[in-house]
Amino acid sequence: MAAQSLAGQVFLLQVVLVALLAVAAAASLVLQVRRDSTQEARQRTLSVAQTFAHAPGTAAALDSADPTAVLQPRAEAIRKAADVAFVVVSNTRGIRYTHPDPHLIGKHILGPYRKVLQGVPETTELNASVGPAVDSTVPVFRSDGSIAGMVGVEITLNHVNQSVSRQLPVILAGAAGALLLAVGGAALVKQRLSRQTRGLGPTEMTRMYEHHDAVLHSVREGVLITDERGRLVLANDEARRLLDLPSQAEGAPVAEAGLHSRIAGLLESGDPATDEVVPVGERLLAVNVRPTGGAGGPSGMVATLRDTTELRAVAGRAEAVRERLLLVYEAGARIGTTLDVATTARELTQVATPRFSDFASVDLAEAVFRGEEPGESDGRVVQMRRAALTALRDDHPLYPLGRVTGIVPTSTAALGGSHRHSLPDTDLGAVLSWHRHDPEGTARVLAYGFHSVLSVPLHARGVVLGMVNFWRSENPAAFDEDDEAFAQELATRAAVCIDNARRYTREHQTAVTLQRSLLPSGLPRQSALDIAHRYLPAEASVGGDWFDVIPLPGTRVALVVGDVVGHGLHAAATMGRLRTAVHNFATLDLPAEELLAHLDELVSRIDQEGTADSTGATGATCLYVIYDPVAGRCSLSRAGHPGPALVLPDGAVRFPDSPAGVPLGVGGLPFEAVEFDVPEGSRLVLFTDGLVQTRGRDIDDGVELLRQSLNRAGRTPEETCREVLATLLTGPPEDDVALLVAATRVLDPSRVATWDVPRDPAAVGAVRREVADRLAAWQLDEEAFVTELILSELLTNAVRYGTDPVRVRLLHERTLICEVSDGSSTAPHLRYAATTDEGGRGLFLVAQLADRWGTRYTETGKVIWSEQRPAGPAKPG
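Residues numbered from 1 in each chain as written. Predicted model: local features only at pLDDT ≥ 70, side-chain atom pairs only at ≥ 80, totals over all residues. Heavy atoms only, no water.

When helices and strands are counted, the protein shows 24 helices and 30 strands. Considering only contacts in the protein between residues 6 or more positions apart, those separated by 24 or more positions represent 61%. As displayed, the protein offers around 44,800 Å² of accessible surface, 54% of which is attributable to carbon and sulfur atoms. (Helix = DSSP H or I, 4+ residues; strand = E, 2+ residues; numbered from the N terminus. Contact = heavy atoms within 4.5 Å. Areas by Shrake-Rupley, 256 points an atom, 1.4 Å probe, with all protein chains shown as cover.)

Structural data, given as structure tokens:
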């Protein structure tokens, strides 16, 4: 019956709510439609009036002889198209020219229009004969800004009631539907209540309560229930046992029921709590608190109590194991991030401190720092040096980094396993070799407060690399067997990483040694350029960058910078082969583009000869520059390499345009050379891409930064090198860096002599006499006889077998150079003439008299040259 009464009340309440919602919706709809209609009418009338007033011809029609004849048809058309009540045009005196009712034309309009004549449009709401209306009046301006008349537009609001009437049926239908839903809901509530009680009467409900009470007092979980006044209304048997409650606890306020203060506070706060651990005597209780009034029942709080003493102990051990596993995982991620021995040792100590130990130190064998394997040359024991130390405080007495700490056996069997010691019961000097001969240090360690030390050897592949020591002073717990097993796991992981770093150090040093042995140890003697250079290997691995300075005949000098793709021993060895090849090709005195073509063919052949386990295609870039101090010109060609920078004597920097070419080994395209003048005192700057390009800097930005560092006059090549490296390298280079800076000089024209020789054997004698005179002027009389013999043989061959033009040039710098050129591309060959031969001894004689001789080809023919070292001063004085 109570359920039916409740359902009736719910039904009545729903009917009232539906009716109120329907009335509110209708009223809101009427107000909304009226407001929207009024706003639309104001905008619509104003828009129509302004459109008509600004229409072409409206102002002119007002000033015409018969405005009505022109404007009346237009006004009626606009009125019908815009669906408005009327469109009235009047003059400034208010006399109508248009109106839907022709009888009103010529009549005076109603209402004030003073603001309109002042140029301000006006919109008003009024009650017309047909109901509420909106009227908008705007002025009509002439082209000079004066007002010719007015346009008024009116629209009625009688469609408001029609709009509301169309939507009221929808609202009423919705209210009826809601009422039907309310009736259905009441029926469902009645059926649900009947189903939940399962048709039970008072007897059945009482028996059910008794069973519920029996279960409540027999479960192994304490239950406390309070009412809305904060009184304890129920405490089951388990709660009384866990909390040792008095018999009269039920019915008393929570604060006076004998509960633990923290549990009483949780019940009185009214806030939910989940698994709050409360120590009660020797027990640890997990307390959960929830309010009871959320489901429609009486207000209050219910608390459940669970004894977790044994579970907490098991969970504590599991948490410790989980923490150790997490630390082992972190060790795998944090130890060995680099291939540096000292860094890897420091990472081991940082992982262990402070989560495992308060202090941690790593001592490594001296050979490990050099990349060598301990025991290879150190005998049966190795000397240890401190490589890493991490501490909670800085005032500790432990040995600092770099300190020699003692010696240990080289084999794992001789050293033994890990050791745990408690201090001061253990003789520290007896168990730690580095304190055995330092009693004062031992005393400081004991006085500092260390109470436990754990020593674990670092061994990999059967060789002892060092020792790691873990210390505890702040943590009161001594190291146990679980700690020892964990430390051994850490040491094993770290030892492998340290050994990998050691092996890498050895390979890196080998590659660096090989690379430096393949690079020029010094620059050759020459007078055309003042040169400074830098070579910086990459921090991570050795690359294949190289540079070279090669003297060429005729006082010319070749500058070379190259970069082999890749890193390591393979790149260094390939670099050495290419550098040797460049030297060999340079002895042929080839033009820059032809030398690169030969070098490209060599790289392709190296790739074809590669074995199955090779690292892939070689690939290299190269820049070859030839500087001629006599002409003050440069010729350069490049194979995929950055071009040089030219710093003029005034400090201006430019980068000569030159075809980039393809890298060596790609093939398929010819190389091109460009020539340009170089003023004396300029600086040529050749570099590899490691100088200007890094991971965080684009090559274009690097080139611009290089330009800024070079943009200064008066600096020497050595100063230029320092400034460039300081500007572009803020740390260890990521890639190899080769830098070559050459300040140019021009040979004194007074030390150059040139003769054009006709192809007449009789002209040879005259040239010989002029050459002798020039040598006398250069104070080289002692070289005159030999020079005349060499010149006679070379010039006679050119006149006899060559083609025009024939030219002789003498150069006096450090050496005396004699050059004979002609237009033929056929070069003579050195022969050994027989006794009966009449000729064939000329070049043999030249080879015996000159220090060096050779042939180079030009675009117009060839040049045969010889070089002599004067007995007098090497440079003219």
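Taken as a whole, the largest pocket encloses approximately 1,000 Å³ of empty space. Together, 31 residues line the largest pocket, and D628, E675, R856, T858 and E859 are the ones closest to its centre. If you list the elements that add at least two residues to the lining of the largest pocket, you get α18 (592–608), β19 (620–628), β20 (633–639), β27 (806–812), β28 (816–822), β29 (852–858) and β30 (861–868). Considering only residue class, the lining of the largest pocket consists of 12 nonpolar, five polar and 14 charged. Its boundaries defined by the atoms lining it, the second largest pocket holds a volume of some 710 Å³. Taken together, 38 residues form the lining of the second largest pocket, with P551, L552, P553, R852 and E867 sitting closest to its centre. Secondary-structure elements contributing two or more residues to the lining of the second largest pocket are β17 (544–551), α17 (569–587), β29 and β30. Of the residues that constitute the lining of the second largest pocket, the class distribution is 18 nonpolar, eight polar and 12 charged. (1 Å grid on protein atoms, 1.4 Å probe; cavity = no way out; pocket = protein on both sides within 12 Å on 5 of 7 lines; lining within 4 Å. Points joined across faces, edges and corners; volume = space filled by probe spheres on them. Nonpolar A, V, L, I, M, F, W, Y, C, P; charged D, E, K, R; others polar.)

Turning our attention to a nonpolar patch on the surface. A surface patch of nonpolar side chains, amounting to about 300 Å² of accessible area, comprises L12, V16 and L20. Looking at the secondary structure, you find L20 in helix α1 (residues 2–53). (Patch = residues over 30% accessible without salt bridge, like charges linked within 9 Å, V, L, I, M, F, W, Y side chains within 5 Å. Salt bridge = Lys/Arg side-chain N within 4 Å of Asp/Glu carboxyl O.)

A full pass over the atoms with the stated rule returns 31 salt bridges. Close ionic contact of R633 with E675 constitutes a salt bridge, the shortest N to O distance being 3.2 Å. Placement of the pair is R633 in strand β20 and E675 in strand β23 (residues 674–677), with a sequence separation of 42 residues. For R633, a relative accessible area of 27% corresponds to the partly exposed category. The residue R809 makes a salt bridge to E819 at a minimum N-O spacing of 2.8 Å. Here E819 lies in strand β28 and R809 lies in strand β27, a separation of 10 residues in the sequence. Its relative accessible area of 5% is what places E819 among the buried residues. (Buried < 20%, exposed > 50% of the residue type's maximum accessible area, 1.4 Å probe, protein only.)

Take the sheet that holds strand β5 (residues 222–227) next. Sheet architecture is open: five strands sit in the order β6-β5-β9-β8-β7, paired in antiparallel fashion. Each edge of the open sheet carries a strand with a single partner, namely β6 (232–235) and β7 (273–280). Neighbour to neighbour, the strand axes of the sheet diverge by 20 degrees on average, direction disregarded. As paired strands, β5 and β6 are joined by three bridges and run antiparallel to one another. (Pairing = 2+ DSSP bridges. Axes fitted to C-alpha atoms, helices over the stretch in contact; angles between N-to-C directions.)

A few words now on the side chain of T621. Along the chain, the position of T621 falls in strand β19. Reaching out from T621, the side chain makes a polar contact with the side chain of H641 at a distance of 2.9 Å. If we skip the residues at most four places from it in the chain, T621 touches W546, V561, G562, D563, A639, G640, H641 and P663. (Polar contact = N/O pair within 3.5 Å; in protein donor to acceptor, adjacent residues only side chain to side chain.)

Tracing the chain through its elements places A772 in helix α22 (residues 763–777). Accessibility expressed as a relative area gives 21% for A772, which makes it partly exposed. A C-alpha to C-alpha distance of 5.7 Å links A772 and A784, two positions 12 residues apart in sequence.

This paragraph deals with the packing of aromatic side chains. Any aromatic ring pair is given by two values, namely how distant the centres are and how the planes are angled relative to each other. According to the stated counting rule, one finds five aromatic pairs in the structure shown. Here the aromatic cluster, defined as three or more aromatic residues joined through ring pairs, consists of F356, F470, F479 and F486. The residue whose ring lies beneath R385 is F369, and the NZ or CZ to ring-centre distance is 4.1 Å. The residue whose ring lies beneath R403 is Y399, and the NZ or CZ to ring-centre distance is 4.2 Å. (Phe/Tyr/Trp six-rings, centres within 6.5 Å; stacked < 30°, edge-to-face > 60°. Lys NZ or Arg CZ within 6 Å of the ring centre and 35° of its normal.)

This brings us to the packing of α22 against helix α23 (residues 784–801). A pair of packed helices can be characterised by two numbers: the angle between their axes and the separation between those axes. As a packed pair, α22 and α23 sit with axes 10 Å apart at the nearest point and diverge in direction by 145 degrees. α23 is crossed by α22, and the crossing has right-handed handedness. Counted together, V764, V767, R768, V771, A772 and L775 of α22 and A784, T787, E788, L791, S792, L795, T796 and V799 of α23 form the full contact between these two elements. Grouping the constituent residues of the contact of α22 with α23 by class yields nine nonpolar, three polar and two charged. (Left-handed = near helix turned anticlockwise from the far one by under 90°.)

Here the focus is unusual backbone geometry. Cis geometry is adopted by the peptide bond preceding P354, which originates at T353 and carries an omega value of 5 degrees. Counting through the fold element by element, P354 comes out in the loop between α10 (341–352) and β10 (359–365). Backbone torsion omega between D804 and P805 reads -5 degrees, so that peptide bond is classified as cis. Of note, P805 is situated in the loop between α23 and β27. One non-glycine residue, D589, lies in positive phi territory at about 55 degrees.

Everything listed is a geometric property; what it means functionally is a separate question.
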